[in-house]
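The chain contents come next:
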Amino acid sequence: MKKLQDLKESGGKAFVAYIMAGDGGLGRLSEQVQYLQETGVTAIEIGIPFSDPVADGPTIEAAGNRALKEGVTLQKVLDEMKNWTFEVKIPLLIMTYLNPVLRVGVEHFVKECKKAGVSGLIIPDLPYEHRELVEPFAKKEAIALVQLVTLTTTEERLEAILNEAEGFVYAVTVKGITGARDEMSGDVQAFMRRVRDKSPVPVYAGFGISKAQHVDLLREDVDGFIVGSAIVQAFQDGTIREIEPLIQAVTALNPV
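Quick notes on the rules
- Residues numbered from 1 in each chain as written.
- Predicted model: local features only at pLDDT ≥ 70, side-chain atom pairs only at ≥ 80, totals over all residues.
- Heavy atoms only, no water.
- Salt bridge = Lys/Arg side-chain N within 4 Å of Asp/Glu carboxyl O.
- Helix = DSSP H or I, 4+ residues; strand = E, 2+ residues; numbered from the N terminus.
- Buried < 20%, exposed > 50% of the residue type's maximum accessible area, 1.4 Å probe, protein only.
- Pairing = 2+ DSSP bridges.
- 1 Å grid on protein atoms, 1.4 Å probe; cavity = no way out; pocket = protein on both sides within 12 Å on 5 of 7 lines; lining within 4 Å.
- Points joined across faces, edges and corners; volume = space filled by probe spheres on them.
- Lys, Arg positive; Asp, Glu negative; His and termini not counted.
- Polar contact = N/O pair within 3.5 Å; in protein donor to acceptor, adjacent residues only side chain to side chain.
- Contact = heavy atoms within 4.5 Å.
- Axes fitted to C-alpha atoms, helices over the stretch in contact; angles between N-to-C directions.

K.L.:
It is not clear to me how the pattern of salt bridges should be interpreted in this structure. Could you clarify?
P.N.:
Where charged atoms of side chains with opposite charge meet at close range, the side chains can pair. In the structure shown here, the tally under the stated rule is 16 salt bridges. The salt bridge partner of Lys198 is Glu159, with a shortest N-O separation of 3.0 Å. Within this pair, whereas Lys198 is found in helix α9 (residues 188-198), its partner Glu159 is found in helix α8 (residues 155-164), the two being separated by 39 residues in sequence. Salt bridges here are not isolated pairs; linked through shared partners, they connect Asp79, Lys82, Glu112 and Lys115.

Next comes the structure, spelled out in structure tokens:
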């Protein structure tokens, strides 16, 4: 994840793309990763389908359900990634709920992630206070356990999370689930600025980022953007090239 820190220090902005593994069949995953890498994204979050995705909005939940109907599991995704023959040049992260990890075993999961070339983990229903369930195993394999902070995170808890932060901080822009939105609440900028001022690692805004105006609104307050629902829907609709201007809106001024 050093690449992300280097980008922050150079003044660049990260574009992190989220995709649902197995939406349309697991064979599409490598094509999607290669396409996004070639398009210039900074990192990719690979989502694992789950039957009770409490943080997911309708677009990602529907994608997860399609993947589950294809028989996609956490282990199958990692096995698929281990067999890739193309060069992965950007950080890959696994975004999964805790239950699939416990089902395969935490230590086994983390070791399989390492074999699959995973640099970081995001587990949205793993509270910071229970990070010890996963963190020791992740540290052993030099895989970052990325923490989420929200508009409702208390100051004391925010300080504790930032003291332990690694990889980047996933700063949620909304009070609610994922999904593309037209507007953002007025206190988002101040929140992002506060988190970024205190954070030793890059701070990326996620949930609801889908338009260039969202990027313009927060550009000076964060180190990057995470885009999920808009990308998932575009792959589903066959309109993924329409996302390229949004990627360029983030990365166009980055140092080469």
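K.L.:
Looking at this structure, how should I read the pairing of strand β3 (residues 92-95)?
P.N.:
In regular strands, side chains alternate between the two faces of the sheet. Here β3 shows two buried faces, one formed by Leu92 and Ile94 and the other by Leu93 and Met95. Here strand β2 (residues 43-47) runs beside β3; their pairing, made up of four bridges, is parallel. Its bridge partner being in β3, Ile44 is matched across the sheet by Leu92. As defined by bridge partners, β3 adjoins strand β4 (residues 120-122) across three bridges and the pair is classed as parallel. Looking across to β4, one finds that Leu93 is bridged to Gly120.

K.L.:
Got a minute to help me understand empty space enclosed by the protein in this structure?
P.N.:
Where empty space is left can be seen by rolling a probe of water-molecule size over the atoms. All told, the structure shown has four cavities of 30 Å³ or more when counted by the stated rule. As a volume, the second largest cavity reaches approximately 70 Å³. What lines the second largest cavity is Tyr18, Met20, Gly47, Ile48, Asp56, Met95, Thr96, Tyr97 and Pro124.

K.L.:
Where do I start with the side chain of Arg219 in this structure?
P.N.:
Along the polypeptide, Arg219 turns up in the loop between α10 (212-218) and β8 (224-227). Summary of buried charges: Arg219 has no salt-bridge partner, and the nearest side chain of opposite charge, Asp216, is 4.1 Å away. One polar contact links the side chain of Arg219 to the main-chain carbonyl oxygen of Ala249, over a distance of 2.4 Å. Arg219 has contacts with Lys13, Phe225, Ala249 and Val250, leaving out every residue within four places of it along the chain.

K.L.:
Is there a simple way to explain the sheet that holds strand β5 (residues 144-149) in this structure?
P.N.:
Hydrogen bonds along the backbone pair up the strands of a sheet, which may run parallel or antiparallel. The strand order around the closed barrel formed by eight strands is β1-β2-β3-β4-β5-β6-β7-β8, and the pairing between neighbours is parallel. In this sheet, adjacent strand axes meet at a mean angle of 25° when their direction is disregarded. Relative to strand β7 (residues 203-206), strand β6 (residues 169-172) is paired through four bridges, and the arrangement is parallel. When the bridges of β7 are listed, Val172 appears paired with Gly206. The sheet contacts of helix α2 (residues 28-39) involve β1 (14-20), β2 and β3, and relative to β1 the element is tilted by about 165°.

The analysis is restricted to geometry; functional conclusions fall outside its scope.
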